[in-house]
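A closer look at the structure
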2 protein chains.
Amino acid sequence: EIYAFQDKGGREICLRPELTASVVRFFVSDLTTLPRPLKMFYFGQCFRYERPQAGRYREFFQFGAEIIGNATPETDAEAIGLAAAILERTGLKDYRIRVGHIGILREMLAQAGVSGDQASPILQKLDKKIYPEAEELMAQAGVDAKVAQDIISTTQVTGPISVLDSHQGPASDYIRQVCDILLAMGFGNVSVDLGVVRGLAYYTGMVFEVDAPKLGAEKQICGGGSYSLSELFGGEKVFSTGFAIGFDRTLLALQAEGVQCVRAGITVFVVPVGDSVRNKAFEIVAQLRRSGISADVDLMRRGVGKSLKYAATVPSRFAVIVGDKELESSSVTLRDMNSGEQTLIKMQDLVKELKR
Amino acid sequence: EIYAFQDKGGREICLRPELTASVVRFFVSDLTTLPRPLKMFYFGQCFRYERPQAGRYREFFQFGAEIIGNATPETDAEAIGLAAAILERTGLKDYRIRVGHIGILREMLAQAGVSGDQASPILQKLDKKIYPEAEELMAQAGVDAKVAQDIISTTQVTGPISVLDSHQGPASDYIRQVCDILLAMGFGNVSVDLGVVRGLAYYTGMVFEVDAPKLGAEKQICGGGSYSLSELFGGEKVFSTGFAIGFDRTLLALQAEGVQCVRAGITVFVVPVGDSVRNKAFEIVAQLRRSGISADVDLMRRGVGKSLKYAATVPSRFAVIVGDKELESSSVTLRDMNSGEQTLIKMQDLVKELKR
């Protein structure tokens, strides 16, 4: 349910439930003259007005991407492959991609005499696998009971790409091409699932979902497909393919797999031995940072021992200890935080040494 | 004015007006046992319910950072220096840092018998430079007219660090130390402005603002200072220093300076010469990406000529043309997009060549 309210001026407002519409609106208003395909991504909060549960909050984060320009198996495979590559880069090991095609069900419904407007509520029931209600709606739309059963059993076709052999047709050929490209790209955990319908009415062709089985019942972490929305916002009709990854649930999946976040740490922590060299320590840390070295400096006026302890927790690979005596020869002490080894080093050699 | 509303359940809700409170709440709930100082940053939307104007929208983006742990001139200088370094990295040339100290005015008001609660509304008027109303509030609080005039003229002290010579005291010494560290770090465009008061009541010591003069009247792009908030959220009192950069107005400042955003482009665009090598092109692009090379591939089923034209607009430094004949000898054609020079190259050498 959408998070809607009236603002102080009595306007009907809602907090955005998703970001694809925003991307397409931006495309229609500003980007239609750019060479295509256009590739865009987003990361942001969305909102729903529903009772919060584990991994399903009122305010949630979505990462997504859209490829705007055409409806080709290449575009669809590129979108699915990007979603898979992102999930792999998070460190997630166990995820499954299920690919379907909304056109197969739309075509079957159309042949049974069900128009586009009537089809949407039926598809929504099929998406949620509420079969009795789907059957009832199909009966109301005049679909023969045997045909209705056939449609329902089509949504239950899942498995390796070979399951398409019993469902010949252009949509099957299309899915097969998408899957072949994904295999060529090295994404092997792809299966066919003609029950992937997606809740939204704007999908036109390929649809896909990604599960993290470790999450149990609420396992879907990504969904997408090819669609056409730009005409709704006053633009020409342009086919696109996009997806959104549920950020919160992906974090839960990573947690369930025991993936650890490693703190990157810094290269060097600068420690002044006393008040007289404090400003010099800041001069040095600023120079190191301008040279592209990640560097930090004591802000707490701690002694050398305590500063080195803090540096170890950051963690920092090196410490630079700045003392009056060493500065007389334009030198500082460089300490390897792992070995504890300390060497005197000319300041002019510091950047080179730390970049080794 | 805060963007507040009632949700469908009748709850009083507001969209966040800023993010420092969120950071401090997170600190109090989860991070108090970590070694200090803690450095955190954020980037996100905030909301105000006000009439939108240029660079001042109802939904606006703030980038900010907080250093939690102590009140030292080092911490304050580090925060100001970070804000300055970020602005420099955006490409902004003309920006000015003004540093003040809320303690100077609080001390003067306290000596005139004005308590903390009474001081806040006076400071707010002084912040907005509405002097008659500030005078009226001070008169109501029993401040002698001459002292009130003295307080007002203190807020008008601006200029190089030497202007502090006529305002001796601990707060002046403190500002001088902050400015000295900033100079040591190479940030020269710092001046003193005792009129920097900041609207929020939680500031305790150093306060600063950054202007982009090219923006005219609405020129402030950053503000911050040292504060203590954690005790409001049930934590122990911990001093912190933070700032927020107004992202939208910084973009306007960059625009006013004519700073151009350069498209990074990609290293290589992969072009299949026909349908028979399309999947091979995807295999190659996936391998290049896994090797850390930014690579894209034709999704539109264009011919070679049109694909190369598109690749030039991305822009891509190289193109890899995949043809049946070349594949027979495990080779592809590598095209330098600038010179147009083409060479046959073994696929196994492609990554090495592109990483040169």
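Each value, and the rule that gives it
Residues numbered from 1 in each chain as written. Chains lettered and ligands numbered in written order. Predicted model: local features only at pLDDT ≥ 70, side-chain atom pairs only at ≥ 80, totals over all residues. Heavy atoms only, no water. Domains from an automatic or database assignment. Phe/Tyr/Trp six-rings, centres within 6.5 Å; stacked < 30°, edge-to-face > 60°. Helix = DSSP H or I, 4+ residues; strand = E, 2+ residues; numbered from the N terminus. Buried < 20%, exposed > 50% of the residue type's maximum accessible area, 1.4 Å probe, protein only. Lys NZ or Arg CZ within 6 Å of the ring centre and 35° of its normal. Least-squares fit on C-alpha atoms with pLDDT ≥ 70 in both. Contact = heavy atoms within 4.5 Å. Buried area = accessible area lost by both parts, 1.4 Å probe. Salt bridge = Lys/Arg side-chain N within 4 Å of Asp/Glu carboxyl O. Polar contact = N/O pair within 3.5 Å; in protein donor to acceptor, adjacent residues only side chain to side chain. Nonpolar A, V, L, I, M, F, W, Y, C, P; charged D, E, K, R; others polar. Arc of directions from axis to C-beta. Patch = residues over 30% accessible without salt bridge, like charges linked within 9 Å, V, L, I, M, F, W, Y side chains within 5 Å. Areas by Shrake-Rupley, 256 points an atom, 1.4 Å probe, with all protein chains shown as cover. Pairing = 2+ DSSP bridges. Axes fitted to C-alpha atoms, helices over the stretch in contact; angles between N-to-C directions.

Domains assigned within chain A are domain 1 (3-256) and domain 2 (266-355). Computed from C-alpha atoms alone, the centre-to-centre distance between domain 1 of chain A and domain 2 of chain A is 53 Å.

What follows covers the packing of aromatic side chains. Inspection of the entire model under this criterion finds 25 aromatic pairs over all chains. Seen from their ring centres, Phe43 of chain B and Phe63 of chain B are 6.4 Å apart, and the 45° between their planes marks the pair as tilted. Remark: Phe63 of chain B occurs in strand E4 (residues 59-68) and Phe43 of chain B occurs in strand E3 (residues 38-47); sequence separation between them is 20 residues. The class for Phe43 of chain B is partly exposed, based on a relative accessible area of 44%. Here the guanidinium or amino end of Arg290 of chain B rests over the ring plane of Phe187 of chain A, the centre of that ring lying 5.1 Å away.

Moving on to the relation of the copies chain A and chain B. Between chain A and chain B, the superposition needs a rotation of 180° and an axial shift of 0.0 Å, giving an RMSD of 0.0 Å. What the superposition gives is, in effect, a two-fold axis relating one chain to the other. When the interface residues of chain A are mapped onto chain B, 100% of them are again interface residues, pointing to one common binding face.

Before going further, it helps to spend a moment on the interface of chain A and chain B. Every contact between the two is made by 53 residues of chain A and, on the other side, 53 residues of chain B. Buried area between chain A and chain B, summed over both chains or domains, comes out near 4,300 Å², and the portion from carbon and sulfur atoms is 52%. Summed over the three residues of chain A that lose the most area to chain B, namely Lys8, Glu74 and Leu299 of chain A, the buried surface amounts to 16% of that side. Between the two partners, chain A and chain B, sit ten salt bridges. A salt bridge links Glu1 of chain A to Lys8 of chain B; the shortest N-O distance between them is 3.0 Å. Across the chain A-chain B interface, the total number found is 24 residue pairs in polar contact (both at pLDDT 80 or more). No other element matches helix H9 (residues 278-290) of chain A, which puts eight residues into the side of chain A that touches chain B. Grouping the amino acids of the side of chain A that touches chain B by side-chain chemistry returns 22 nonpolar, eleven polar and 20 charged.

Residues and elements named next belong to chain A. Every buried residue of helix H5 (residues 131-140) is accounted for by Tyr131, Ala134 and Met138. What you see down the axis of H5 is that its buried residues fit within an arc of 60°, all on one side. Facing away from the buried surface of H5 by more than 90 degrees, the exposed residues are Pro132, Glu136 and Gln140. Residues of H5 that are buried make contact with helix H3 (102-111), helix H4 (116-127) and helix H6 (145-154). Backbone geometry just after H5 places Gly142 at a positive phi near 85°.

Here we take up a nonpolar patch on the surface. Residues and elements named next belong to chain A. Together, Phe43, Phe247 and Leu251 line one region of the surface with nonpolar side chains, adding up to about 270 Å² of accessible area. Among the secondary structure elements, Phe247 is positioned in helix H8 (residues 247-256). Exposure remark for Phe247: the relative accessible area of 32% places this residue in the partly exposed category.

This paragraph deals with the sheet that holds strand E5 (residues 96-101) of chain B. Residues and elements named next belong to chain B. What the eight strands build is an open sheet, ordered E3-E4-E10-E9-E8-E5-E7-E6; its pairing is mixed. Of all strands in the sheet, those with a lone pairing partner are E3 and strand E6 (158-159), marking the two edges. In this structure, E5 lies alongside strand E8 (residues 203-211), joined through six bridges in antiparallel fashion. In the sheet register, Gly100 faces E8, and the bridge partner there is Val207. Seen against the sheet, helix H2 (residues 73-89) touches E3, E4, E5, E8, strand E9 (220-228) and strand E10 (239-246) and runs at an angle of roughly 15° to E10. Most of the contacts of helix H3 (residues 102-111) go to E8, to which it runs at about 130°, and overall it touches E5 and E8.

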